[in-house]
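# Descriptive analysis of the structure
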Amino acid sequence: MQTHLAPEFQGTHDGTEAEAILRRCVHCGFCTATCPTYQLLGDELDGPRGRIYLIKQVLEGAQPTRDTQAHLDRCLTCRNCESTCPSGVAYGRLVDIGRRVVDAKVERPAGERRVRWLLKEGLTSPLFKPALRVGQALRPLVPGALKDKVPPKAPPQAHDWPTRTHKRKVALLLGCVQPAMAPNINSATARVLDAAGIQTLVADGAGCCGAIREHLGDHEGALADMRRNIDAWWPLVSGHTESIEALVVNASGCGVAVKDYGHALRHDPAYADKAARVSALARDLSELLPDLVPLLKPRLRTKPGPLAYHPPCTLQHGQQLKGGVEAALRELGMQIACAPQDSHLCCGSAGTYSVLQPVLSKQLRDRKLAALAPLAAAQIVSANVGCIQHLQSGTELPVRHWVEVLDDALRGAA
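The following refers to the structure shown.

### Quick notes on the environment of R133
One can find R133 in helix 8 (residues 128-137). Between the C-alpha atom of R133 and that of P151, which follows or precedes it by 18 residues, the distance is 9.7 Å. Those residues in contact with R133 that lie beyond four places of it in its chain are P179 and A180.

### Quick word on the environment of Q320
Mapped onto the elements of the fold, Q320 is located in the loop between helix 18 (313-318) and helix 19 (324-331). Classification of Q320 by relative accessible area gives partly exposed; the value is 45%. The spacing of Q320 and S83 is 237 residues in sequence and 7.8 Å in space, taken between C-alpha atoms. For Q320, the residues in contact, after removing those within four places along its chain, are S83 and L315. Engagement of the side chain of Q320 in a polar contact is seen with the backbone oxygen of H317, the distance being 2.9 Å.

### Remarks on the sheet that holds strand 4 (residues 282-284)
If you trace the four strands from one edge of the open sheet to the other, you get 2-1-3-4, paired in parallel fashion. Strands with a single pairing partner mark the edges of an open sheet, and in this sheet they are strand 2 (198-201) and strand 4. For this sheet, the mean inter-axis angle between neighbouring strands, taken without regard to orientation, is 40°. For strand 3 (residues 247-249) and strand 4, the ladder comprises three bridges, and the chain directions are parallel. Each residue of the ladder has a partner; that of L247, found in strand 4, is A282. Each of strand 3 and strand 4 is contacted by helix 16 (residues 272-281), which is oriented at about 30° to strand 4, the strand it contacts most.

### Some remarks on the side chain of S343
Mapped onto the elements, S343 comes out in the loop between strand 6 (336-338) and helix 20 (353-356). On the accessibility criterion, S343 (16% relative accessible area) is buried. The contacts of S343, once residues within four sequence positions are left out, are P311, Q316, C338 and K368.

### Considerations on the sheet that holds strand 6
Strands sit in the order 6-5-7-8 across an open sheet of four strands; the sheet is parallel. Strands at the two margins of the open sheet, each flanked by one partner only, are strand 6 and strand 8 (399-401). Put simply, the sheet's adjacent strands are angled 35° from each other on average, direction ignored. In terms of strand pairing, strand 5 (residues 307-309) meets strand 7 (residues 379-382) through three bridges, oriented parallel. Looking at strand 7, one finds that Y309 is bridged to V381. Helix 22 (residues 385-392) rests against strand 7 and strand 8 of the sheet, and its axis sits at about 170° to strand 8.

### A look at the packing of aromatic side chains
Evaluation of the coordinates by the stated rule reveals one aromatic pair. Between the NZ or CZ atom of R227 and the centre of the ring of Y271, over which it lies, the distance is 6.0 Å.

### Here's the deal with unusual backbone geometry
The phi torsion at H27 lies on the positive side, around 65°, for a residue other than glycine. Structurally, H27 is set in the loop between helix 1 (13-22) and helix 2 (36-41). Classification of H27 as partly exposed rests on a relative accessible area of 35%. We note that R79 has phi near 65°; this positive angle belongs to a residue other than glycine. Mapped onto the elements of the fold, R79 is located in the loop between helix 4 (66-73) and helix 5 (80-84).

### Section: helix 19
Buried residues of helix 19: V325, E326, A328 and L329, and no others. Just past helix 19, the residue G333 takes up positive phi, approximately 90°.

### What to know about the packing of helix 3 (residues 48-59) against helix 4
With their axes 10 Å apart at the nearest point, helix 3 and helix 4 run at an angle of 135° to one another. With respect to their mutual orientation, helix 3 and helix 4 come out oblique. Two packed elements cross with a definite hand, and for helix 3 against helix 4 that hand is left-handed. Contact residues: R51, L54, I55 and V58 in helix 3; T68, H71 and L72 in helix 4.

### Some words on helix 1
An α-helix turns once every 3.6 residues. As a result, residues three or four positions apart point the same way. Every buried residue of helix 1 is accounted for by G15, E17, A18, E19, I21 and L22. Contacts from the buried residues of helix 1 go to helix 3, helix 6 (91-105) and helix 15 (261-264).

### Things to note about the nonpolar core
Grouped together as the largest cluster of nonpolar side chains are 49 residues, with contacts concentrated most on L292, L296, L329, W402 and L406. For this core, the element with the highest residue contribution is helix 23 (residues 402-411), accounting for six residues. Dropping the residues within four chain positions of it, L292 is found in contact with L193, A196 and I198.

### Topic: the pairing of strand 7
Burial along strand 7 is two-sided: the residues Q379 and V381 and I380 and S382 are all buried. Strand direction decides the pairing type here: strand 7 and strand 8, joined by three bridges, are parallel. In the strand pairing of strand 8, I380 is matched with V399. Handedness of the β-α-β unit built from strand 7, helix 22 and strand 8 comes out right-handed.

### Side note on the packing of helix 3 against helix 6
Helix 6 packs onto helix 3 with a crossing angle of 50° between their chain directions and a minimal axis gap of 10 Å. The angle between helix 3 and helix 6 falls in the class oblique. For the pair helix 3 and helix 6, the sense of crossing is left-handed. Residues P48, R51, I52, I55, V58 and L59 of helix 3 form the contact with helix 6, whose own contacting residues are Y91, L94, V95, G98, V101, V102 and K105. Across the contact of helix 3 with helix 6, the residue classes tally to 10 nonpolar, one polar and two charged.

Conventions adopted
- Residues numbered from 1 in each chain as written.
- Predicted model: local features only at pLDDT ≥ 70, side-chain atom pairs only at ≥ 80, totals over all residues.
- Heavy atoms only, no water.
- Helix = DSSP H or I, 4+ residues; strand = E, 2+ residues; numbered from the N terminus.
- Contact = heavy atoms within 4.5 Å.
- Buried < 20%, exposed > 50% of the residue type's maximum accessible area, 1.4 Å probe, protein only.
- Polar contact = N/O pair within 3.5 Å; in protein donor to acceptor, adjacent residues only side chain to side chain.
- Pairing = 2+ DSSP bridges.
- Axes fitted to C-alpha atoms, helices over the stretch in contact; angles between N-to-C directions.
- Phe/Tyr/Trp six-rings, centres within 6.5 Å; stacked < 30°, edge-to-face > 60°.
- Lys NZ or Arg CZ within 6 Å of the ring centre and 35° of its normal.
- Parallel < 35°, antiparallel > 145°, perpendicular 65-115°, else oblique.
- Left-handed = near helix turned anticlockwise from the far one by under 90°.
- Core = buried A, V, L, I, M, F, W, Y, C linked by side-chain atoms within 4.5 Å.
- Right-handed = clockwise from strand over helix to strand, strands pointing away.
- Nonpolar A, V, L, I, M, F, W, Y, C, P; charged D, E, K, R; others polar.

In structure tokens, the structure reads:
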């Protein structure tokens, strides 16, 4: 695709990167076939190719409008289009740049600004956990629309963290929302790794991975989150205190962000090398499974009923990790299957998307649950806390992280 950047973007970091991405696009349109919002709305501008054109026009000097902003807002950033694209267009990075540029030129209404501020500050705040506890205590009185966002209280084992010491060690990102909404995912991860002879370490200073602020247009705030996490992890990464073999992330949305630290901070002389080192060490929990399965298989005490697996977009498209969870759990003797159709499509969670675009989000959730229904599963499992919470809001079936199911099998839980 030919580009002629406006003078204000020529030679800038964003302009240079966007131009390189745009020039890879060959207008083929394969991406529209796998775009969830295009499937729902049928509008070219609500598909990747149309959004690419909008971003190109703005970078070439066209004045964006509220309509431009709306079309970019409706993108889930699921990156399904990247899996489909034959030309390797890095659409996820391009749309982040496009949103930053458009938001700098088009002021949002005051109500939108307030909601977005509350999301980026509230979800990443230490006050989120006590606020959620109040919501759980008052859950019967909470309006239906908000009740969907308030999970039930965590099970007792969520606070059971292993205490054994092992020679093999990994660091675990606890995240910002997950410790409050679904703490058992982190403790189950630590227990499963402990059963395989791996000790899980946590850096107290680490928090939000930066994805929430980045996708809400606060690029500098996202970079600050990344630098804070790197500082917190560095004694472990550098071996100054403990030596870790991997930085494990059990929320695939956070995993995409952490694996991108090296790229995001590549122009920061103080952090570029450290960020690259952190990204190189980052592993989705599922990437450890080939090593874990032989160690865990003899220790299994029970097996769950049939499992329906929803692979998150951030795992299968963002990190390009496909089939690993299913293959490992099958090797452990579990019955697990993906939806017979549309397994590649987004469930509609997409971070804060379910709050900002509730109508589209629920349509995608209901389509996903309908696609999973023929499996007649006892539980739905996934690999990202956002997907888990979103799907749970639309079904009576338990929706859990796959590591919780594996932990139950090791503990002999029903």
